Amino acid sequence: MVFLLALLSLTSFAAPSRVTSDCYDNTFCIDTESKEDRVDVFVRSLVEWEITMTLDVESSNLTPSIELPTVKSVSAKRVSRLLTLEIEDKNAGWSFGFNVKWILGDFTAEHKRGIAYDLPYSEGQEFLVGQGYMGNATHQGKYALDWDMPEGTPVLAARGGMVVDMEESFTEGRPDADLMTKANYVKIRHSDGTIGNYVHLKHKGVKVFIGQQVDAGDVIGFSGNTGFTTGPHLHFEVYSATRELGRRTIPVEFNTNRRGAILLKEGQYYGR
Ligand SMILES: [Zn+2]
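A.B. asks: Sorry if this is basic, but what is going on with the sheet that holds strand S25 (residues 260–262) here?
C.D. replies: For sheets, the rule is that strands pair by backbone hydrogen bonds, running either parallel or antiparallel. Strand order in the open sheet made by the three strands is S11-S24-S25, with mixed pairing throughout. The sheet is open, and its two borders are formed by strand S11 (116–118) and S25, each paired with just one other strand. Recorded for the sheet is a direction-independent mean angle of 40° between the axes of neighbouring strands. Pairing of strand S24 (residues 253–256) with S25, which is carried by three bridges, proceeds in the antiparallel orientation. Note that in S25 the partner of phenylalanine 254 across the bridge is isoleucine 262.

A.B. asks: Is there a simple way to explain the coordination of the zinc ion in this structure?
C.D. replies: Under perfect tetrahedral coordination by four donors, a metal shows angles of 109.5 degrees; under perfect octahedral coordination by six donors, it shows angles of 90 or 180 degrees. Coordination of the zinc ion by the protein comes from His139 (NE2), Asp146 (OD), Asp146 (OD) and His235 (ND1), over a distance range of 2.0 to 2.8 Å. Of note, the donors binding the zinc ion are all from one chain and are spaced H-x6-D-x88-H. With a gap of 96 residues between them, histidine 139 in the loop between strand S12 (126–131) and strand S13 (144–148) and histidine 235 in strand S22 (residues 233–241) connect regions that are remote in the sequence. By relative accessible area, which is 0% here, histidine 139 ends up buried.

A.B. asks: Even after reading the chapter, I still don't get the pattern of salt bridges, so can you show me in this structure?
C.D. replies: Close approach of charged atoms allows side chains of opposite charge to pair. A complete count under the given rule lists 12 salt bridges for this structure. Of the charged contacts, one joins lysine 35 and aspartate 40 as a salt bridge, the two residues approaching to 3.4 Å between their closest N and O atoms. Looking at lysine 35, the relative accessible area reads 23%, which means it is partly exposed. Residue arginine 174 pairs with glutamate 172 through a salt bridge whose shortest N-O separation is 2.8 Å. Residues joined in a network through salt bridges with shared partners are Glu33, Lys35, Asp37, Arg38, Asp40 and Arg81.

A.B. asks: For this particular structure, what's the right way to read the packing of aromatic side chains?
C.D. replies: Each aromatic ring pair is summarised here by two numbers: the centre-to-centre distance and the angle between the ring planes. Scanning all chains against the criterion turns up 13 aromatic pairs. Their ring planes at 10° and their centres at 6.0 Å tell us that tryptophan 94 and phenylalanine 96 sit as a pair that is stacked. The buried category is assigned to tryptophan 94, whose relative accessible area is 2%. Taking the relative accessible area as the measure of exposure, phenylalanine 96 reaches 1% and is therefore buried. Relative to phenylalanine 236, the ring of tryptophan 147 has its centre 6.5 Å away and its plane inclined at 40°; by these criteria the two rings are tilted. Placement of the pair is tryptophan 147 in strand S13 and phenylalanine 236 in strand S22, with a sequence separation of 89 residues. Members of the aromatic cluster, each reached through a chain of ring pairs, are Tyr117, Tyr121, Phe127, Trp147, Tyr198, Phe236 and Phe254.

A.B. asks: Could you clarify how one ought to interpret the domain arrangement of the protein in this entry?
C.D. replies: Many structure descriptions define interface size as the accessible area lost when the parts assemble. Here the protein is described as being made up of domain 1 (3–104) and domain 2 (116–271). Once you take the C-alpha centre of each, domain 1 and domain 2 turn out to be 36 Å apart. Taken together, the contacts link 11 residues of domain 1 with 15 residues of domain 2. Together, Trp49, Ile103 and Leu104 form the three largest contributors to the area buried by domain 1 at its contact with domain 2, with a combined 58%. Applying the counting criterion to the domain 1 and domain 2 interface returns one salt bridge. Two residues, arginine 189 and glutamate 50, come together in a salt bridge whose shortest N-O distance is 2.5 Å.

A.B. asks: What is the right way to read the state of the cysteines from this model?
C.D. replies: Disulfide: a covalent bond formed between the sulfur atoms of two cysteine residues. Considering all chains together, one arrives at one disulfide under this definition. Note that cysteine 23 is cross-linked by a disulfide to cysteine 29, the S-S spacing being 2.0 Å. Around the S-S axis, the bridge from cysteine 23 to cysteine 29 shows a dihedral of about 105° and counts as right-handed. Residue classification places cysteine 23 among the partly exposed positions, given a relative accessible area of 46%.

A.B. asks: Explanation requested: the sheet that holds strand S5 (residues 38–45) in the structure shown.
C.D. replies: Spatial strand order, S3-S4-S5-S9-S7: five strands in an open sheet with antiparallel pairing. The two strands at the open ends of the sheet, each matched to only one other strand, are strand S3 (18–24) and strand S7 (62–64). Between one strand axis and the next, the sheet turns through 25° on average, direction left out of account.

Reading the values: the criteria
- Residues numbered from 1 in each chain as written.
- Predicted model: local features only at pLDDT ≥ 70, side-chain atom pairs only at ≥ 80, totals over all residues.
- Heavy atoms only, no water.
- Pairing = 2+ DSSP bridges.
- Helix = DSSP H or I, 4+ residues; strand = E, 2+ residues; numbered from the N terminus.
- Axes fitted to C-alpha atoms, helices over the stretch in contact; angles between N-to-C directions.
- Donors = N, O, S within 2.8 Å, 3.2 Å for Na, K, Ca; no water.
- Buried < 20%, exposed > 50% of the residue type's maximum accessible area, 1.4 Å probe, protein only.
- Salt bridge = Lys/Arg side-chain N within 4 Å of Asp/Glu carboxyl O.
- Phe/Tyr/Trp six-rings, centres within 6.5 Å; stacked < 30°, edge-to-face > 60°.
- Domains from an automatic or database assignment.
- Contact = heavy atoms within 4.5 Å.
- Buried area = accessible area lost by both parts, 1.4 Å probe.
- Disulfide = S-S within 2.5 Å.

Given below as structure tokens:
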């Protein structure tokens, strides 16, 4: 989800070095340092994973050092310079405000080649892929998979990584556009910067916390039927952020009990 953030506005005459800090969603802060001739603008990450952000600046009597808006991949727990605003007339007041949007994930992430994912359910179980990659129902243009499974089925991490987001407060599910953004989910950041997204989980059915490191095969929650659905199933996709603050989904192979590591097909059952 993209977050639109409030415009911060400051007006000041040149003064001895002055620092301001505005933090968003416990995820990152925009820090500014005003000097005699310029304002340096930094982004400081508060989290252990990457985000992609866009920044635009509205200002008067200041010249930005780079073309705006700018897109930046912000690394875990790092401070990096975004730009400098040069003061044009040092005898006059100046002002600036930021317009910031952000999304989880690194738009420069590349999926590791040759990696095979584990089926996200217990050994000995097999489930039908009710909708496959680019499926006609709701996966147009998306490399996403739906496994039909009864509510309450343990959902296992298909690949290890860090839990970077989760939601378990929603209770309802049906094919209703109003529920499009009301599914419970877990997002796991993989070591290559891609994100695995496990969707439609049961109400209060998440068993991991944000920041937790999980291994492939760990139980992360229980399947459900929340959000926009036509019946109980698990939706799964691997994606990376894009420069436009969207998602680019990625086709991945799964280890199966009978056929080894393969791309799964709609209408087939796969056992783990
Ligand atoms: Zn789906």
